[in-house]
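# Per-entry structural report
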Amino acid sequence: MSTLRTNALEGVDAKNSITIVAGAGNITTTNVQDGLAKQTIQYSGSDNTIQGSTNTSSVTDNGTGNFTVNYTNNFASVGTQSSTASVFASSSQDRTIQYGAMTTSTILMIIMIGGSVSDILGTGAVHGDLT
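These remarks concern the structure in this document. None of the values given here were measured: they were computed from a predicted structure.

### As for the overall build of the chain
A count of helical and extended segments in the chain gives zero helices and eleven strands. For the chain, the succession of helices and strands along the chain, N to C, is β-β-β-β-β-β-β-β-β-β-β. For the chain, with 131 residues in total, the buried portion stands at 27%. Long-range pairs, those at least 24 residues apart, make up 50% of the contacts in the chain between residues at least 6 apart in sequence. In the form shown here, the chain has an accessible surface area of approximately 8,000 Å², with 48% of it arising from carbon and sulfur atoms.

Given below as structure tokens:
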């Protein structure tokens, strides 16, 4: 097995695109910068702790199941971000995370179980261009 170690990769045709050979002759060109989540979080509302994150400076607890994630590095503009989330709970009821107001520096997240806000473990990721 070989190990490649480098501090920088640059595509030949475009600086941020690299061709990846997936095996059996399958070749894919991907824009590495656009394909990365620019912010992630695993947050427990029950004890107000960030259990893991990327580009997250802090969380503001707005009340039960309602919190604002504050970014370390801002996004370039509002409305160009794409977000995904999931909830971890043993309940058989519907579990959802709703994203609310989004700015270049924050995103509002509301965690719900069975239609009621709840302080349980949730995760989220935001994609987009940073400033």
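Still more to cover.
### Description of the environment of L130
Counting through the fold element by element, L130 comes out in the segment after β11 (121–127). Under the relative-accessibility criterion, L130 is labelled partly exposed at 31%. As for L130 and S105, which are separated by 25 residues in sequence, their C-alpha atoms are 10.0 Å apart. Beyond its immediate sequence surroundings of up to four residues, L130 is in contact with K38, N55, N73, N74, F75 and A76.

### A short note on the nonpolar core
The biggest cluster of nonpolar side chains holds 15 residues, and the ones touching the most others in it are I41, F67, V69, Y71, M109 and I111. When contributions to this core are tallied by element, the ones reaching two or more residues are β3 (39–44), β6 (66–71) and β9 (106–113). Sort the elements by how many residues they give to this core and β9 lands first, with four residues. For M109, the residues in contact, after removing those within four places along its chain, are I41, G65, N66, F67, V69, A85, I97, Q98, Y99, T123 and G124.

### Points about the pairing of strand β8 (residues 95–102)
Relative to β9, β8 runs antiparallel, the two being bridged by six bridges. Across the sheet, Q98 pairs through a bridge with I110, a residue of β9.

### As for the sheet that holds strand β4 (residues 49–54)
Backbone-to-backbone hydrogen bonds join strands into a sheet, with any given pair of strands oriented parallel or antiparallel. Spatially, four strands are ordered β4-β3-β11-β7 in an open sheet, and the strand pairing comes out antiparallel. Strand pairing shows two members of the sheet lacking a second neighbour, β4 and β7 (82–88), which therefore form its edges. The average angle at which neighbouring strand axes cross in this sheet is 10°, direction not considered. In this structure, β3 lies alongside β4, joined through five bridges in antiparallel fashion.

Quick notes on the rules
Residues numbered from 1 in each chain as written. Predicted model: local features only at pLDDT ≥ 70, side-chain atom pairs only at ≥ 80, totals over all residues. Heavy atoms only, no water. Helix = DSSP H or I, 4+ residues; strand = E, 2+ residues; numbered from the N terminus. Buried < 20%, exposed > 50% of the residue type's maximum accessible area, 1.4 Å probe, protein only. Contact = heavy atoms within 4.5 Å. Areas by Shrake-Rupley, 256 points an atom, 1.4 Å probe, with all protein chains shown as cover. Core = buried A, V, L, I, M, F, W, Y, C linked by side-chain atoms within 4.5 Å. Pairing = 2+ DSSP bridges. Axes fitted to C-alpha atoms, helices over the stretch in contact; angles between N-to-C directions.

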